[in-house]
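# Working through the structure, step by step
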Amino acid sequence: MKKLVLLLIVLLVGLCSLADAAELKATLNKNQIIQGEAVTLTLSYDGAQTNEQPDFTLLDKDFSIFSVSNAYQHNYINGKISQKREWKVQLMPKSSGQITIPSLTLGAFKSQPLNLDVLAASPENIKKQNEQNVQAANAPRYAVEAEIDNKNPFVQQEVNLTLKIYDSGGLQIDRIVPLVNDENNWVIQSLGEPELETVKIGGQDVRVIKIKMALFPQKSGELDVPEIAVEGYYLSQGGDPMQKIFESFGAFKISALDPDFADIFATKNVVSLRTEPMKISVKPVPAAAQGGWWVPAESLELYSEWKPNPPKFKVGEAVTRNIYIKAVGVMDAQLPNIKFIDSGSLKQYPEKPLSEVKIENGKIVSYRLISNVYIPSKSGNVTIPEVSVKWFNIKTQQVETTSLPEMTISVAADPSAIPQEEEIVEQPTVSAPTTAAVNDEPAKNASVANEQPDWRVAALTAFGAGLFLGILIFAFFRAKKNYQQSGESLKNFDKAVIKYAKEKDLKNLRDSLIAWAKETYPNAMISNLNDVAAHFDDMAFKVELDKLSSCLYGKETLIWDNGGFLAAFEKVRKVKAHSHQEEKPLPELYK
């Protein structure tokens, strides 16, 4: 009996010793992964209650930490409180190869180190994994690779990159990001929607996602091709069902950022893939193409259309010509600006270009529209100069010129213009001399009789003189009133011109100028700014009117200076106001 009691005491002491024993244990959910997949490290503690936290900073050297979750449970046994704690850390390896997860500490406790085999992300390793039957049903493998079509392009020439993402099960892509060290070195443009196909790798169907991009190197020399990062996740079934239940009732405190517990029925596994580094050698602009606009294209077309079509040219009337540039293999910003050659009597006002980029047959195709407004200033045959664009043909390695040939147009006269009448010189008329009868006594008597004063004639003459004087006075005051009204109208138009010039309201300024000029020259035919300029001898004012016309027809070509215009207008306005004040409604009757 004594031996039995002694044995029970020994067992109780052993159990108490076991209860007091504590440990910190580390485990991995996978010992071998493809680079770009995440691995979950579980750190478990079972022992006396503690508020200590493990130190994860040692993991930063070889891993990126995506998330950390924490769960715990309290136990009460034989009057003693024990604690079970668990940390789940989702890690993304920074490189491939054999990686050692170091021993981690929690207060005085340490976990054991672990080894992780990280395979390079490639289709070959997917095949290898499948052949070795390492891949589990809930742990699919992924890989990514990139290839380019030209490793020795010219600067700013299109280089096409094809990105292939191998998915052996349920990859959900969050984003695809080109990793550019220097944004000034590259311009990157997507080449449309992804393409999907299925291939056999190691006897297994693998989905391949193809994404194409156009890369434009912006400087010559050896450049690093931007690596492409693919970030996403996949869902897998697994985990402790009881733990899910505890979580649903709040028995464990779990980080809201933990993708492992994103779904009560599945685990969210992070995937982060990156293409292998590549280099290319970029050639500079060839000597033959230097000194001009550099356009390295596969093809370039130039064509135009008229509005209205066919065009009808008349003096003072605008006709619009739409000129299009289409280039394959360059971005819209690389398209040149067309320089229009002066044509003397044919004024030209290019409008702001409009550009567009399209994807055609897997290539970048850029379009540019330049609308040019032509306004003839005289009638007759006029030549529209050639329009040309120089570019570099990357297929033939030669500089080429694409052009629209010059054309001769016939300009009709302005039908509203008043034709000048020919000056008619009247020839003096010579009257034949008349002879009177020498001895015509009756005529002599009549002449003598007419010399006698007649009061009726005098009265009629006085009435006519009074009437004429009244009409003259009425006309004088009528003209004076009209003159004053005209002066007031000029003042109102002056104010309108100055107001709209200060506000840079160009359309209303144009209308006010025409109205002001019509009031200044009431007998002239003034319908446009060219007519306004023709009635003033001030060169500065004419230049400002020409600038105003250019801005009205091509808003991007000039930044309109209202200060220069107001100064020129003030000068001509004062000159005309002074001359207007010197004019008299009627000539002076007496001096």
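The structure presented is a predicted model; accordingly, all values stated were derived computationally and were not measured. (Residues numbered from 1 in each chain as written. Predicted model: local features only at pLDDT ≥ 70, side-chain atom pairs only at ≥ 80, totals over all residues. Heavy atoms only, no water.)

### Describing the overall build of the chain
In plain terms, the rule: Strands here mean DSSP runs of E at least two residues long; helices mean DSSP runs of H or I at least four residues long; both are numbered from the N terminus. Three exposure classes are used, based on accessible area relative to the maximum for each residue type with a 1.4 Å probe and protein chains only: buried under 20%, partly exposed in between, and exposed over 50%. Per-residue and other accessible areas follow the Shrake-Rupley method at a 1.4 Å probe size, with only the shown protein chains counted as cover for residues.
Broken down by element type, the chain carries 9 helices and 30 strands. Of all 591 residues assigned to the chain, the portion counted as buried reaches 36%. Entry remark: accessible area of the chain is about 35700 Å², with carbon and sulfur atoms responsible for 54%.

### Quick word on the environment of Ser512
Rules: In what follows, a contact means two residues having at least one pair of non-hydrogen atoms within 4.5 Å. In the analysis that follows, any N or O atom pair within 3.5 Å is treated as a polar contact, provided that within protein one partner can donate a hydrogen and the other can accept it, and provided that, for residues neighboring in sequence, both atoms belong to side chains.
Among the structural elements, Ser512 can be located in helix 6 (residues 506-520). C-alpha separation for the pair Ser512 and Tyr500, spaced 12 residues apart in sequence, amounts to 8.3 Å. Those residues in contact with Ser512 that lie beyond four places of it in its chain are Ala496, Val497 and Tyr500. A polar atom in the side chain of Ser512 sits 2.9 Å from the backbone oxygen of Asn508.

### Quick notes on the side chain of Asn185
As for its position among the elements, Asn185 is in the loop between strand 12 (172-179) and strand 13 (186-190). Judged by its relative accessible area of 13%, Asn185 is buried. Here Asn185 is in contact with Phe216, Pro217, Gln218, Lys219 and Leu223, once residues within four sequence places are set aside.

### So, helix 6
Which entries qualify depends on this criterion: Take the residue count of a helix, subtract one, and multiply by 1.5 Å to get its expected span.
Its 15 residues give helix 6 an end-to-end C-alpha distance of 21 Å, which sits within 8% of 21 Å, the value for a rise of 1.5 Å per residue. The complete set of buried residues in helix 6 reads Leu506, Leu509, Ser512, Leu513, Ile514, Trp516, Ala517 and Thr520.

### What to know about the sheet that holds strand 22 (residues 313-314)
Spelled out, the test is: For two strands to be treated as a pair, DSSP must find at least two bridges joining them.
Spatially, 3 strands are ordered 22-30-27 in an open sheet, and the strand pairing comes out mixed. In this open sheet, the two strands that pair with only one neighbour each are strand 22 and strand 27 (380-384). Two strands pair when backbone bridges link them, and strand 22 and strand 30 (residues 407-412) are joined in this way by 2 bridges, in the parallel orientation. Bridge assignment links Phe313 to a residue of strand 30, and that residue is Val411.

### Concerning the nonpolar core
Rules: The set of buried Ala, Val, Leu, Ile, Met, Phe, Trp, Tyr and Cys residues whose side-chain atoms join them within 4.5 Å is what this entry labels a nonpolar core.
Ranked by size, the top nonpolar core spans 29 residues in total, and within it Ile148, Leu161, Leu163, Ile165, Leu215 and Val225 carry the most contacts. Mapped by element, the contributors of at least two residues to this core are strand 10 (142-148), strand 11 (159-167), strand 15 (204-217), strand 16 (221-225), strand 17 (227-236), strand 18 (267-274) and strand 19 (278-282). If sequence neighbours within four positions are ignored, Ile148 has contacts with Val159, Asn160, Leu161, Val225, Met278 and Ile280.

### Some remarks on the packing of aromatic side chains
To be explicit about the condition: Here is the rule: rings of Phe, Tyr and Trp (six-membered ring for Trp) pair when centre to centre is within 6.5 Å. Planes less than 30 degrees apart are stacked, more than 60 are edge-to-face, and the remainder are tilted. As a reminder, the over-ring test applies to NZ of lysine and CZ of arginine, requiring each to be within 6 Å of the ring centre and within 35 degrees of the ring normal.
Counting across every chain of the model gives 16 aromatic pairs. Note on Phe541 and Phe565: the rings are 6.4 Å apart at their centroids and 35 degrees apart in plane angle, and the pair reads as tilted. With Phe541 in helix 8 (residues 539-553) and Phe565 in helix 9 (residues 562-582), the pair connects residues that are 24 residues apart, well separated along the chain. Comparing Phe541 with Phe565 shows no difference in burial state: the two are buried. Through a chain of ring-to-ring contacts, the aromatic side chains of Trp516, Tyr521, Phe536, Phe541, Phe565 and Phe569 assemble into a single cluster. Over the ring of Phe154 we find Lys283, and its NZ or CZ is 4.1 Å from the ring centre.

### Structural notes on the side chain of Gln32
Here Gln32 is to be found in strand 2 (residues 32-34). With relative accessibility at 18%, the residue Gln32 sits in the buried group. A distance of 2.7 Å separates a polar atom in the side chain of Gln32 from a polar atom in the side chain of Asp117.

### Remarks on the pairing of strand 26 (residues 363-376)
Within a regular strand, the side chains alternate between the two sheet faces. Of all 14 residues that make up strand 26, 14 are buried, and the element is covered over most of its length. Every second residue of strand 26 is oriented toward a common face, with Lys363, Val365, Tyr367, Leu369, Ser371, Val373 and Ile375 on one face and Ile364, Ser366, Arg368, Ile370, Asn372, Tyr374 and Pro376 on the other, all of them buried. Where strand 23 (residues 319-328) meets strand 26, 10 bridges bridge the pair, whose relative direction is antiparallel. Each bridged residue has a counterpart across the sheet, and for Ala327 the counterpart in strand 26 is Ser366. With 5 bridges connecting them, strand 24 (residues 346-350) and strand 26 associate as antiparallel partners. What sits directly across from Pro350, in strand 26, is Asn372. Both strand 25 (residues 354-360) and strand 26 contribute to a ladder of 7 bridges, which runs antiparallel. Looking at the pairing, Ile359 lines up with Ile364 of strand 26. In this structure, the hairpin formed by strand 25 and strand 26 is closed by a connection of 2 residues, where Asn361 is found at a positive phi of approximately 55 degrees.

### Section: the sheet that holds strand 29 (residues 398-404)
Spatially, 3 strands are ordered 20-28-29 in an open sheet, and the strand pairing comes out mixed. Of all strands in the sheet, those bounded by a partner on one side alone are strand 20 (296-297) and strand 29. Of the pairings in the sheet, the one linking strand 28 (residues 387-393) to strand 29 comprises 7 bridges and is antiparallel in character. Across the sheet, residue Phe392 finds its bridge partner in strand 29, namely Val399.

### As for the pattern of salt bridges
Where charged atoms from two side chains of opposite charge come close, those side chains can pair. Let me state the cut-off plainly: Here a salt bridge means any side-chain nitrogen of Lys or Arg lying within 4 Å of a carboxyl oxygen belonging to Asp or Glu.
Tallied over the full model, the rule gives 13 salt bridges. The salt bridge involving Asp167 is made with Arg207; its shortest N-O contact spans 2.6 Å. Of the two residues, Asp167 is situated in strand 11 and Arg207 in strand 15; the sequence distance between them amounts to 40 residues. The salt bridge partner of Glu231 is Arg175, with a shortest N-O separation of 3.0 Å. Separated by 56 residues along the polypeptide, Glu231 in strand 17 and Arg175 in strand 12 bring together distant segments of the chain. The network of salt bridges with shared partners includes Asp494, Glu570 and Arg573.

### Some points on unusual backbone geometry
In this structure, Pro308 follows Lys307 across a cis peptide bond, with omega equal to 0 degrees. Along the chain, Pro308 turns up in the loop between strand 21 (299-307) and strand 22. The backbone of Gln156 sits at a positive phi, close to 70 degrees, despite the residue not being glycine. Counting through the fold element by element, Gln156 comes out in the loop between strand 10 and strand 11. Residue Gln156 is classed as partly exposed on the basis of its relative accessible area of 22%. In this structure, Asn361 is a non-glycine residue whose phi angle is positive, near 55 degrees. Position of Asn361 among the secondary structure elements: in the loop between strand 25 and strand 26. Residue classification places Asn361 among the exposed residues on the basis of a relative accessible area of 81%.

Purely geometric stuff here, so don't read any function into it on its own.
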